2 protein chains.
Amino acid sequence: MLTTGLEDYLELIYKAILNNKNLKAIDIANEFNISRSSVSEALIRLADLDLVIYEGRKGIKITEKGIIEAEKILNKHNILLKFFNQVLKIDYQTANKNACKIEHVIDDCVLEKIKNFSEFCIESNLVKGESGD
Amino acid sequence: MLTTGLEDYLELIYKAILNNKNLKAIDIANEFNISRSSVSEALIRLADLDLVIYEGRKGIKITEKGIIEAEKILNKHNILLKFFNQVLKIDYQTANKNACKIEHVIDDCVLEKIKNFSEFCIESNLVKGESGD
DNA sequence: TAACATTGTTAGGCTTCCCTTACTAAATCT
DNA sequence: AGATTTAGTAAGGGAAGCCTAACAATGTTA
């Protein structure tokens, strides 16, 4: 089981790759407000776990195993984001921030219920109008 | 800001006091599956923060400040528990377990929305029948 | 190309939160 | 009361995850 921090970093790496962005270690440091040396450590740990391939300045690549892990996390994130933003009408920033924290601790079965409930609410027009921006 | 662990311990202490139970350090150790010595440390830290008064075998008392903190946490817990159990129909055990984890990371404004939404769902009979468990 | 800026690594350190082992003090049993 | 069990403390240790400072390597620019 990955720690919260490692999950966050892996998620960011995966999103960057999806968007064809060339993510550097320093971008991770900036995103999470941690030092470059902490990112170094974290990338080494992710590489040890066979989730990424890290070769310093040459860039950060993700492994098959890493993709599977990252997709799980991203999926959790998106279910929570949708619920917060579209059902509860919480502004995007706050919705995103809370999704980021909760995705690391919530059980899959609860997430499943939230997902179904969100879909039900949206499809039945129970919630309508603007999502919280 | 309290850590997850300290919040958990304080919450348990407060609940015990509400129920007139004489909670001992070893009960905390058992509840959270940590060692007696770790509980010792934690109680010293809670006492340093002026949240409890700890005098070894004489028992654990809670301060005014501790009560305020504990009530905040318990309130969060109960909002989440209600939503999971009564709205999402998740079994009590699982609902409780997830509330325990999420209560430490969720923002107040999100909780407020969840609370209102839960009440709306329950009052409008949108959710009915058995709560999960 | 020389100087400067950026990026990454290394080394050493700190705090939190957990552990085990050994000891002390209190409570309980016979 | 004496022996045993239970509860708590003390000392020492370890992993995670962060830090700063110093250094190395690469890029950029004048």
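What you are looking at is a predicted structure, and each value in this text was computed from that prediction instead of being measured.

Notes on unusual backbone geometry
Phi is positive for A:Asp50, which is not a glycine, with a value near 65°. Summarising the element assignment, A:Asp50 is placed in the loop between α3 (36-48) and β1 (52-54). For A:Asp50, a relative accessible area of 42% puts it in the partly exposed group. Despite not being glycine, B:Lys89 shows a phi value in the positive range, around 60°. With respect to the helices and strands, B:Lys89 occurs in the loop between α4 (64-87) and α5 (92-102). On the accessibility criterion, B:Lys89 (23% relative accessible area) is partly exposed.

Focus: the nonpolar core
Burial of nonpolar side chains together is a common tendency in soluble globular proteins. Membership of the largest hydrophobic core comes to 36 residues, with the highest contact counts inside it found for A:Phe84, B:Phe84 and B:Ile114. Where this core is concerned, the elements lending two or more residues are α4 (64-87), α5 (92-102) and α6 (108-123) of chain A together with α4, α5 and α6 (108-123) of chain B. For B:Phe84, the contacting residues outside a window of four places in its chain are A:Val110, B:Lys89, B:Ile90, B:Ala95, B:Asn98, B:Ala99 and B:Ile102.

Side note on the pattern of salt bridges
With the rule as written, the count across this model stands at ten salt bridges over all chains. Among the salt bridges present, the one from A:Lys76 reaches A:Asp108, with a minimum N-O distance of 3.6 Å. Taken together, the residues span a long stretch of sequence, with A:Lys76 in helix α4 and A:Asp108 in helix α6 at a distance of 32 residues. Accessibility expressed as a relative area gives 53% for A:Asp108, which makes it exposed. Between B:Glu69 and B:Lys72 there is a salt bridge, with the nearest N and O atoms lying 3.3 Å from each other. Of this pair, B:Glu69 and B:Lys72 are both found in helix α4, three residues apart, which corresponds to roughly one turn of the helix.

Quick look at the protein's contact with DNA strand C
Looking at DNA strand C, there are 19 residues lining it, with A:Arg36, A:Ser40, A:Arg57, B:Thr3 and B:Arg45 nearest. Within 4 Å of the protein, the contacting atoms of DNA strand C are 53% sugar and phosphate, with bases supplying the remainder. The side chain of A:Ser40 places a nitrogen or oxygen atom 2.2 Å from a phosphate oxygen of DNA strand C. Interatomic distance of 2.2 Å between a side-chain N/O atom of B:Arg45 and a phosphate oxygen of DNA strand C. Those elements giving two or more residues to the surface near DNA strand C turn out to be α2 (25-32) and α3 of chain A together with α3 (36-48) of chain B.

What to know about the side chain of A:Glu11
The residue A:Glu11 is located in helix α1 (residues 4-18) in this model. For the buried A:Glu11, which has no salt bridge, the nearest side chain bearing the opposite charge is A:Lys15, at an N-O separation of 4.2 Å.

Examining the interface of chain B and chain A
Buried accessible area, meaning the area lost when the parts come together, often serves as the stated size of an interface. Of the residues lining the interface, 21 residues belong to chain B; the matching set on chain A comes to 21 residues. At the boundary of chain B with chain A, total buried surface from both sides reaches about 1800 Å², with 75% on carbon and sulfur atoms. Together, B:Leu88, B:Val105 and B:Phe117 form the three largest contributors to the area buried by chain B at its contact with chain A, with a combined 26%. If you look at where chain B meets chain A, you find four salt bridges.

Regarding the domain arrangement of chain A
All names here are of chain A. Domain assignment breaks chain A into domain 1 (4-62) and domain 2 (70-123). For domain 1 and domain 2, the distance between their C-alpha centroids amounts to 24 Å. Counting residues at the interface gives nine residues for domain 1 and eight residues for domain 2. Ranking the residues of domain 1 by area buried against domain 2 places Glu 7, Glu 11 and Tyr 14 at the top, with a combined share of 64%. Counting every contact that joins domain 1 to domain 2 gives zero salt bridges.

Here we look at α3(B)
All names here are of chain B. If you check α3, its first and last C-alpha atoms are 18 Å apart, about what 13 residues at 1.5 Å a residue would give, namely 18 Å. Taken residue by residue, α3 has Val 39, Ala 42, Leu 43 and Leu 46 as its buried positions. The buried residues of α3 occupy an angular sector of 100° when projected down its axis, which confines them to one face. Facing away from the buried surface of α3 by more than 90 degrees, the exposed residues are Glu 41 and Asp 48. In the core, the buried residues of α3 are packed alongside α1 (4-18), α2 (25-32), β1 (52-54) and β2 (60-62). At the exit of α3 stands Asp 50, carrying a positive phi of roughly 65°.

About the cut-offs
- Residues numbered from 1 in each chain as written.
- Chains lettered and ligands numbered in written order.
- Predicted model: local features only at pLDDT ≥ 70, side-chain atom pairs only at ≥ 80, totals over all residues.
- Heavy atoms only, no water.
- Helix = DSSP H or I, 4+ residues; strand = E, 2+ residues; numbered from the N terminus.
- Buried < 20%, exposed > 50% of the residue type's maximum accessible area, 1.4 Å probe, protein only.
- Core = buried A, V, L, I, M, F, W, Y, C linked by side-chain atoms within 4.5 Å.
- Contact = heavy atoms within 4.5 Å.
- Salt bridge = Lys/Arg side-chain N within 4 Å of Asp/Glu carboxyl O.
- Near = heavy atom within 4 Å.
- Polar contact = N/O pair within 3.5 Å; in protein donor to acceptor, adjacent residues only side chain to side chain.
- Lys, Arg positive; Asp, Glu negative; His and termini not counted.
- Buried area = accessible area lost by both parts, 1.4 Å probe.
- Domains from an automatic or database assignment.
- Expected span 1.5 Å × (residues − 1).
- Arc of directions from axis to C-beta.

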